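Chains, contacts and geometry: an overview
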Amino acid sequence: MKILIASDIHGSAYWAGRLMEAIEREQPDRIAILGDVLYHGPRNDLPRDYDPKRVIPLMNGLAQTGSLIAVRGNCEAEVDQMVLDFPCMSDYAVIVDDAGRELFLTHGHIFGVGFHNSVDNLPALPEGSAIVYGHTHVKVNEEVPGKPGIWAFNPGSVSIPKDGSHSFGIYESGKPLAEAFTHVVLEEA
């Protein structure tokens, strides 16, 4: 099972378009969106080509594939759910891959591992699981300190990176946790 993981699009039509190209290239089985889809938020600068109305049909097109799963970010509001054709207001979702591994998807502002300003509120997860979150706009791919057998993955930000590169992630089941997640950098066209 191949899952493409993206977070923090923040209404950037340009970077949402680059993400759509990556999805076409990668051909994932599932697409996980970790929140902050349309609004840029009061703490962020406007991302390149900020135009949430152009992002809406791109995201709704993904929803039509039946492969999209999304969680609520700290910038989502009820009005976002009114224009998006997929559920996006849950604080978390769980994907169990074809090998039985649990991926706990969240944004990082309610549940998190404490890295880079995410909250330190790790839910109880079975050994061999991963917490997959966004929010900080900083890439992470490592075991959770003090929690052997629990992996943390943050794909970074599609549109407003705080670590220097626009990015998303790929998860491939059937690999050890330390090898299952990779970061992919989105280049400007």
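Before reading on, note that the structure itself is shown above.
In this text, all values refer to a predicted model and were calculated from it rather than measured experimentally.

Turning our eyes to something else, we now look at the overall build of the protein chain. Per the secondary structure count, the protein chain includes four helices and 12 strands. In terms of overall dimensions, the protein chain is globule-like: its C-alpha atoms have a radius of gyration of 15 Å, near the 16 Å expected for 189 residues. For the protein chain, the proportion of its 189 residues judged to be buried stands at 56%. In the protein chain, of all internal contacts separated by at least 6 residues, the share reaching a separation of at least 24 is 61%. Summing over all exposed atoms, the protein chain offers an accessible surface of approximately 8,200 Å²; the carbon and sulfur share of this is 50%.

A few words now on the packing of aromatic side chains. Two measures describe an aromatic ring pair: the distance that separates the ring centres and the angle between the ring planes. Under the defined criterion, the tally for this structure stands at six aromatic pairs. Consider the rings of Tyr-92 and Phe-111, whose centres lie 5.8 Å apart with planes at 90°: the pair is edge-to-face. Remark: Phe-111 occurs in the loop between strand 5 (102-106) and strand 6 (112-113) and Tyr-92 occurs in strand 4 (residues 92-96); sequence separation between them is 19 residues. What makes Tyr-92 partly exposed here is its relative accessible area of 41%. Where Tyr-171 meets Phe-181, the ring centres are 4.8 Å apart and the plane angle is 50°; that geometry is what we call tilted. Pair noted here: Tyr-171 is in strand 11 (residues 167-172) and Phe-181 is in strand 12 (residues 181-185), with a separation of 10 residues, a long-range link. Taken together, the ring pairs in this structure connect Tyr-92, Phe-104 and Phe-111 into an aromatic cluster. Here the guanidinium or amino end of Arg-48 rests over the ring plane of Tyr-14, the centre of that ring lying 3.5 Å away.

Strand order in the open sheet formed by five strands is 4-5-8-10-9, and the pairing between neighbours is mixed. This sheet does not close on itself; its edge strands, each paired only once, are strand 4 and strand 9 (140-143). Each adjacent strand pair in this sheet contributes to an overall mean axis angle of 15°, direction not counted. As paired strands, strand 8 (residues 130-132) and strand 10 (residues 151-154) are joined by three bridges and run parallel to one another. Counterpart to Ala-130 in the pairing with strand 10 is Trp-151.

Our focus in this paragraph is the environment of Ile-3. As for its position among the elements, Ile-3 is in strand 1 (residues 2-6). Through-space distance from the C-alpha of Ile-3 to that of Ser-67 is 9.3 Å; in sequence the pair is 64 residues apart.

Summed over all chains, the structure comprises eight salt bridges. Its salt-bridge partner being Arg-18, residue Glu-21 comes within 2.3 Å of it at the nearest N-O pair. Here the residue Glu-21 and the residue Arg-18 both occupy positions in helix 1 (residues 13-26), the gap between them amounting to three residues, near one helical turn. Its relative accessible area of 15% is what places Arg-18 among the buried residues. With a closest N to O distance of 3.4 Å, Lys-175 and Glu-172 form a salt bridge. The exposure class of Lys-175 is partly exposed, given its relative accessible area of 32%.

Conventions used here
Residues numbered from 1 in each chain as written. Predicted model: local features only at pLDDT ≥ 70, side-chain atom pairs only at ≥ 80, totals over all residues. Heavy atoms only, no water. Helix = DSSP H or I, 4+ residues; strand = E, 2+ residues; numbered from the N terminus. Rg over C-alpha atoms; globule rule 2.2 N^0.38 Å. Buried < 20%, exposed > 50% of the residue type's maximum accessible area, 1.4 Å probe, protein only. Contact = heavy atoms within 4.5 Å. Areas by Shrake-Rupley, 256 points an atom, 1.4 Å probe, with all protein chains shown as cover. Phe/Tyr/Trp six-rings, centres within 6.5 Å; stacked < 30°, edge-to-face > 60°. Lys NZ or Arg CZ within 6 Å of the ring centre and 35° of its normal. Pairing = 2+ DSSP bridges. Axes fitted to C-alpha atoms, helices over the stretch in contact; angles between N-to-C directions. Salt bridge = Lys/Arg side-chain N within 4 Å of Asp/Glu carboxyl O.

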